[in-house]
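Summary of structural features
Residue strings, one per chain:
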Amino acid sequence: MSYNLVKTNVKELREGMLLGENLCDSFGNVLLGDGIVLKQSYIVKIKALNISQVYIREKSPDIYALDNRKNYKDPYLIETRVEAKRFVYEAMEKLYFDGKLADKALVIVRNLIDELINNEEIIISLGKLRKLDDYTLEHSVNVCVLSLIIGINMEIDYDGLMDLGVGAILHDIGKMLIPKEILNKPGKLSAQEYEIIKKHTIYGYELLKQSNKISEVAAEVALSHHERVDGNGYPLGKKVNRISTYSRIVAICDVYDALTSDRSYKKKIESHKALEYICKMVHTQFDNEIVKVFLNCMGIYPVGSLVKLNTNEVGLVVDLNRMDSSKPIVRILLDENGKRVKEYFEVDTNRNPDIRIQNVFPKFDGNLNYTKFDDNHEIS
């Protein structure tokens, strides 16, 4: 019997459901296997992992099941990302940065570049199996992947991508020297604590400068990824013409991943809201031209977003338009009267200028109970 994979909120999990994916810890060890029948004890275990959604196998042949997306690619670079997280964990556990760590960084980044170059259509979705206490590990790898994707689309040469990737994966290396009680504080930092946190940029730069295998360009990323184009960043208050291109790339990816991640002191926001924030900060925090490339790579409405069109139809974003990321391809699920359509069809909003996205709903769990939605989620 064939099954569809449907993304399901963990709150909706019930005994007897079939798990549709391997659930792993941060280092790739399988905790629950694909196809296992869920028991209550397994559901408790899944919730303890701080996972918001998982794939469940359903017998229904619904065309909108996420596993059936046309041209869908595995977004997670699973094996390489696991190795990258292991490397970040090892690096963050030490109070020095030696030649062995530098060699590992170069190998990891080279592998990431090769995978990304060979998979031009990769879909970016980085929220998989993230745990609060693993934030720094996940974050460093996510920022590296995003930065490399931007670099590839900016046609940076291979050596340049190596410098960018190494700087990105090690951009927070200085946090190893920040007291854990400050780094992981669940509440708002005091002014004094914030000043201590800001020193991670200088610490990171000094650590990387100790290795003759890490270029000055890569080390500069650790120093300057919190600088802002208007001069209001830290640690040196550089303005745009004094901030390297690679630091400006990592600055955008750093903020995007932080906004879309659950932290001990704040909840994540939806991807489209994070992208809106980055757009609003162009010319003050972020480089305008790099933001354009970033948006083109990410898509303002990422694949899997549930949207309402100005025609009052509701649909699922199933593909991006590379020419204009604000106009994706939408698979219509509900007609203008809120009734489920009998035969699904796709609308290319780029080729239909009169059709545009009006609202974005914050979550899609594979069910079609959207007639209950109102316009409270309209983008401001």
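My aim in this report is to walk through the structure given alongside it, one point at a time. (Residues numbered from 1 in each chain as written. Predicted model: local features only at pLDDT ≥ 70, side-chain atom pairs only at ≥ 80, totals over all residues. Heavy atoms only, no water.)

1. Section: the overall build of the protein chain
For the protein chain, the count of helices and strands is 12 helices and 10 strands. Within the protein chain, the fraction of its 380 residues that count as buried is 51%. Considering only residue pairs separated by 6 or more positions, the protein chain has 63% of its internal contacts joining residues 24 or more positions apart. (Helix = DSSP H or I, 4+ residues; strand = E, 2+ residues; numbered from the N terminus. Buried < 20%, exposed > 50% of the residue type's maximum accessible area, 1.4 Å probe, protein only. Contact = heavy atoms within 4.5 Å.)

2. Notes on helix α8 (residues 200–209)
The set of residues buried in α8 consists of H200, T201, G204, Y205, L207 and L208. Taken around the axis of α8, the buried residues stretch over an arc of 165 degrees, which confines them to a single face. The inward-facing, buried residues of α8 abut α7 (191–198) and α9 (216–224). (Arc of directions from axis to C-beta.)

3. Some remarks on the sheet that holds strand β10 (residues 357–361)
Overall, antiparallel pairing links the five strands, which are arranged β9-β8-β7-β6-β10 in an open sheet. Two strands bound the open sheet, and with one partner strand each, they are β9 (340–348) and β10. Across this sheet, the average inter-strand angle for adjacent strands is 35 degrees, counted without regard to direction. Summarising the sheet, strand β8 (residues 329–334) and β9 pair through five bridges and their orientation is antiparallel. (Pairing = 2+ DSSP bridges. Axes fitted to C-alpha atoms, helices over the stretch in contact; angles between N-to-C directions.)

4. Regarding the nonpolar core
Ranked by internal contacts, the top residues of the largest apolar core, which has 61 residues, are F87, I169, L170 and F294. Here the element with the most residues in this core is helix α4 (residues 135–153); it accounts for nine residues. Each residue touching F294, except ones within four places of it in the same chain, is listed here: L146, I150, I252, C253, Y256, L275 and I278. The next biggest cluster of nonpolar side chains, apart from the first, holds 22 residues, and it includes V307, L316, I329 and I355. (Core = buried A, V, L, I, M, F, W, Y, C linked by side-chain atoms within 4.5 Å.)

5. Examining the packing of α8 against α9
Orientation of α8 relative to α9, taken along the N-to-C sense of each, is 160 degrees, at an axis distance of 7 Å. Judged on the interaxial angle alone, α9 and α8 are roughly antiparallel. In terms of crossing hand, the pair formed by α8 and α9 is right-handed. Within the contact between the two elements, α8 uses T201, I202, G204, Y205, L208 and K209 and α9 uses E216, A218, A219, E220, A222 and L223. Counted by class, the contact of α8 with α9 contains seven nonpolar, two polar and three charged residues. (Parallel < 35°, antiparallel > 145°, perpendicular 65-115°, else oblique. Left-handed = near helix turned anticlockwise from the far one by under 90°. Nonpolar A, V, L, I, M, F, W, Y, C, P; charged D, E, K, R; others polar.)

6. Considering the environment of F294
For F294, the location among the structural elements is in helix α12 (residues 288–298). The buried category is assigned to F294, whose relative accessible area is 1%.

7. Things to note about the pattern of salt bridges
Pairing between side chains of opposite charge can happen when their charged atoms approach one another. Under the definition given, this model contains 14 salt bridges. Here D103 makes a salt bridge to K213, at a shortest N to O gap of 2.9 Å. One end of the pair, D103, is in helix α3 (residues 99–117); the other, K213, is in the loop between α8 and α9, with 110 residues separating them in the sequence. Here K238 makes a salt bridge to E220, at a shortest N to O gap of 2.5 Å. In this pair, K238 is assigned in the loop between α9 and α10 (245–259) and E220 in helix α9, connecting sequence segments 18 residues apart. (Salt bridge = Lys/Arg side-chain N within 4 Å of Asp/Glu carboxyl O.)

8. A look at the packing of α3 against helix α5 (residues 158–169)
In the contact formed by α3 and α5, the axes pass within 9 Å of each other and the chain directions differ by 120 degrees. Relative to α5, the element α3 lies oblique. Between α3 and α5 the crossing geometry is right-handed. For the pair α3 and α5, the contacting residues are A105, L106, I108, V109, R110, I113, D114 and I117 in the first and Y158, L161, M162, G165, V166 and I169 in the second. Residue composition of the contact of α3 with α5, grouped by class: 11 nonpolar, one polar and two charged.

9. Details of unusual backbone geometry
Residue P235 is reached from Y234 by a cis peptide bond, and omega for that bond is 15 degrees. Turning to its location among the elements, P235 is positioned in the loop between α9 and α10. Phi is positive for H283, close to 80 degrees, though the residue is something other than glycine. Mapped onto the fold, H283 is located in the loop between α11 (271–280) and α12. What makes H283 exposed here is its relative accessible area of 59%. Unlike most non-glycine residues, N312 shows phi in positive territory, near 80 degrees. For N312, the location among the structural elements is in the loop between β6 (306–309) and β7 (314–319).

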